[in-house]
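# Fold and contact review
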Amino acid sequence: MLTRVVTTVFYEDVSVGLDLFVDGLGMEVVHRDGGFVVLERDGAKIQLAENAEAAAHSERPELGLETDDLDAVFADVSSRRPDLLHPNLPSPRERPWGAREFALLDATTVCVVVREWPSA
């Protein structure tokens, strides 16, 4: 049985990813083996891999995180790391497709969109 999708983001310097996901989003390191790091918060997981060649030859991803309390996540992130808020979506906003979203952007242009869908 499949239980979740866990993506890997490649960085030339994994500390940039740790800055975004740990310092910015409050995720915790649950495994680290050199330049390979697994992070988790509230059941959401991501893997960071330090690999300069892969980072240089891959598109910088846009990742989506869904929440049931966008305002609380925004308050947490913006109070700790407002410098990571994406200039095009720095605060929660209703989008044309019905979700409320805000976004973060790291120094390598990895984008994380935090999204809350309306209740059914």
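Below, the structure is looked at part by part. (Residues numbered from 1 in each chain as written. Predicted model: local features only at pLDDT ≥ 70, side-chain atom pairs only at ≥ 80, totals over all residues. Heavy atoms only, no water.)

## Quick word on the pairing of strand β7 (residues 100-105)
The condition is simple: Pairing between strands requires that DSSP locate at least two bridges from one strand to the other. Each helix is a run of DSSP H or I of at least 4 residues and each strand a run of E of at least 2, with the numbering of both proceeding from the N terminus.
Where strand β6 (residues 93-94) lies against β7, 2 bridges are found, and the strand directions are antiparallel. The partner of E94 across the bridge, within β7, is R100. The turn joining β6 and β7, which pair antiparallel and follow one another in sequence, is formed by 5 residues; a positive phi near 100 degrees is taken by G98. By the bridge criterion, 6 bridges tie β7 to strand β8 (residues 111-116) in an arrangement that is antiparallel. Along β8, the bridge assignment pairs L105 with C111.

## What to know about unusual backbone geometry
Formally: Relative accessibility under 20% of the residue-type maximum defines a buried residue, over 50% an exposed one, and the middle range a partly exposed one, all with a 1.4 Å probe and only protein chains included.
Despite not being glycine, D42 shows a phi value in the positive range, around 55 degrees. Residue placement: D42 occurs in the loop between β3 (36-41) and β4 (44-50). A relative accessible area of 75% means that D42 is categorised as exposed. At T109, a position not held by glycine, the phi torsion is positive, near 75 degrees. Mapped onto the secondary structure, T109 falls in the loop between β7 and β8. On the basis of relative accessibility, which here comes to 45%, the residue T109 falls in the partly exposed class.

## Remarks on helix α3 (residues 70-80)
To keep things clear, this is the line we draw: This arc corresponds to the set of directions leading from the helix axis out to the C-beta atoms. What makes two residues a contact is simply this: any of their non-hydrogen atoms within 4.5 Å.
Among the residues of α3, those classed as buried are L70, V73, F74 and V77. Projected onto a plane normal to the axis of α3, the buried residues spread over an arc of 100 degrees and lie on a single side. Considering only its buried residues, α3 is in contact with α1 (14-24), β7 and β8.

Honestly, that's just the spatial picture; any functional story needs more than this.
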